[in-house]
Amino acid sequence: MSLDLQAALASMPLVAILRGVKPDEVVGIAEAIVAAGIGIIEVPLNSPDPFTSIGLLARRLGHTALVGAGTVLTVPDVEKVAAAGGTVIVSPNTNPEVIRATKARGLLSLPGFFTPSEAFAALEAGADALKLFPAEMSSPAAVKAMRAVLPKGTKLLVVGGVSPATIPPYLAVGVDGFGVGSDLYAVGRDAAEVGQRAQALADSVRKMRE
């Protein structure tokens, strides 16, 4: 799959965050998520053996989904994700060195930010999109105010506390995507349950966009 973040978000503005997933279960869970129409999958690096999971997903689903890593904090981790076949680098923070290393490897950079200063620093370093985190601490009104000063066309995602109940007000102020964690996947849920949750979430987003 080409690294077309805009197309992926336009199709379904959700990023599946599989924190805690194990390599022996990750493919089945991710296949159920992709079948529901969610095309961006993130394996946080504080999961068990994350680079193995990312490699498995890249080989099995890399032609149909954007696969990458979350909680990427260092340049060496960027290199390891790239070596595993991941194409998306997501961080909870704004680290220009990580962003520049990501772009130097031809990968998608989605750094976390919380303030306008961090947002502009991330964009200057080459970020492809911005991840507002934690969203629970920033209202849709605050997002609207930041939207007014960010460059036109900036892709903005929110992460933290995302559910069908919290998505509509953010959509209304122009948010492009949502990272979904525990509302979708939690340790102990099997592929069938995650698939059902993914389908319900995707269906609710489609109705919101009608």
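Here, the structure is the one placed above.
Every value quoted in this text rests on a predicted model; they were computed, and no experiment measured them.

Trainee: What is the right way to look at the packing of helix α2 (residues 23-35) against helix α9 (residues 191-209) in this model?
Mentor: Angle between the axes and distance between the axes: these two values describe a pair of packed helices. α9 packs onto α2 with a crossing angle of 25° between their chain directions and a minimal axis gap of 8 Å. Accordingly, the angle class assigned to the pair α2 and α9 is roughly parallel. Judged by the twist between their axes, the crossing of α2 over α9 is right-handed. Between α2, through Gly28, Ile29, Ala32, Ile33 and Ala35, and α9, the contact on the second element is made entirely by Ala191, Val194, Gly195, Ala198 and Gln199. Here the contact of α2 with α9 is built from residues that sort into 7 nonpolar, 3 polar and no charged.

Trainee: Explanation requested: the packing of aromatic side chains in the structure shown.
Mentor: The geometry of an aromatic ring pair is captured by the separation of the ring centres together with the interplanar angle, meaning the angle of the planes. A full pass over the atoms with the stated rule returns 0 aromatic pairs. Seen from the ring of Phe133, Lys131 lies directly overhead, with NZ or CZ sitting 5.0 Å from the centre.

Trainee: Is there a simple way to think about helix α4 (residues 75-84) in this case?
Mentor: Every α-helix carries 3.6 residues per turn, so stepping three or four residues along brings you back to the same face. Among all positions in α4, only Asp77, Val78, Val81, Ala82 and Ala84 are buried. Mapping the buried residues of α4 onto a view down its axis gives an arc of 160°, with all of them on the same face. Summarising the geometry of α4, the exposed residues directed more than 90 degrees from the buried face are Pro76 and Ala83. Where α4 is buried, its residues touch α3 (50-61), β3 (66-70), β4 (88-90) and α5 (96-104). Among the residues of α4, the N-terminal cap falls to Thr74, whose side-chain oxygen and the backbone nitrogen of Asp77 are separated by 3.2 Å. Immediately downstream of α4, the backbone of Gly85 shows phi near 105°, a positive value.

Trainee: Would you take a moment to explain the sheet that holds strand β1 (residues 14-17) for this structure?
Mentor: Note on sheets: strands pair through backbone hydrogen bonds, and any given pair is parallel or antiparallel. Ordered by their spatial adjacency, 9 strands build an open sheet running β5-β4-β3-β2-β1-β9-β8-β7-β6, and the pairing between neighbours is parallel. The open sheet terminates on both sides in strands that have one partner only, identified here as β5 (108-110) and β6 (112-113). Alignment of β1 against strand β9 (residues 177-180), held across 3 bridges, turns out to be parallel. Its bridge partner being in β9, Ala16 is matched across the sheet by Val180. Contacting β2 (40-44) and β3, α3 crosses the sheet at an angle of about 160° to β2.

Trainee: Looking at this structure, how should I read the pairing of β1?
Mentor: Side chains on a regular strand alternate between the two faces of the sheet. Burial of β1 is two-sided: the residues Leu14 and Ala16 facing one way and the residues Val15 and Ile17 facing the other way are all buried. Bridge analysis of β1 against β2 gives 3 bridges, and the strand direction is parallel. If you follow Ile17 over to β2, its bridge partner there is Glu42. Taken together, β1, α2 and β2 form a β-α-β motif whose crossover is right-handed.

Trainee: How do you make sense of unusual backbone geometry when you look at a structure like this?
Mentor: A negative phi holds for most residues other than glycine; trans holds for most peptide bonds. A cis geometry characterises the amide bond from Phe133 onward to Pro134, with omega recorded as -5°. By the element assignment, Pro134 lies in the loop between β7 (130-132) and α7 (140-149). Residue Asp49 is not a glycine yet carries a positive backbone phi of 50°. Of note, Asp49 is situated in the loop between β2 and α3. By relative accessible area, Asp49 is classed as partly exposed at 45%. One non-glycine residue, Thr71, lies in positive phi territory at about 55°. Relative to the elements of secondary structure, Thr71 occurs in the loop between β3 and α4.

Definitions and limits used
Residues numbered from 1 in each chain as written. Predicted model: local features only at pLDDT ≥ 70, side-chain atom pairs only at ≥ 80, totals over all residues. Heavy atoms only, no water. Axes fitted to C-alpha atoms, helices over the stretch in contact; angles between N-to-C directions. Helix = DSSP H or I, 4+ residues; strand = E, 2+ residues; numbered from the N terminus. Parallel < 35°, antiparallel > 145°, perpendicular 65-115°, else oblique. Left-handed = near helix turned anticlockwise from the far one by under 90°. Contact = heavy atoms within 4.5 Å. Nonpolar A, V, L, I, M, F, W, Y, C, P; charged D, E, K, R; others polar. Phe/Tyr/Trp six-rings, centres within 6.5 Å; stacked < 30°, edge-to-face > 60°. Lys NZ or Arg CZ within 6 Å of the ring centre and 35° of its normal. Buried < 20%, exposed > 50% of the residue type's maximum accessible area, 1.4 Å probe, protein only. Arc of directions from axis to C-beta. Polar contact = N/O pair within 3.5 Å; in protein donor to acceptor, adjacent residues only side chain to side chain. Pairing = 2+ DSSP bridges. Right-handed = clockwise from strand over helix to strand, strands pointing away.

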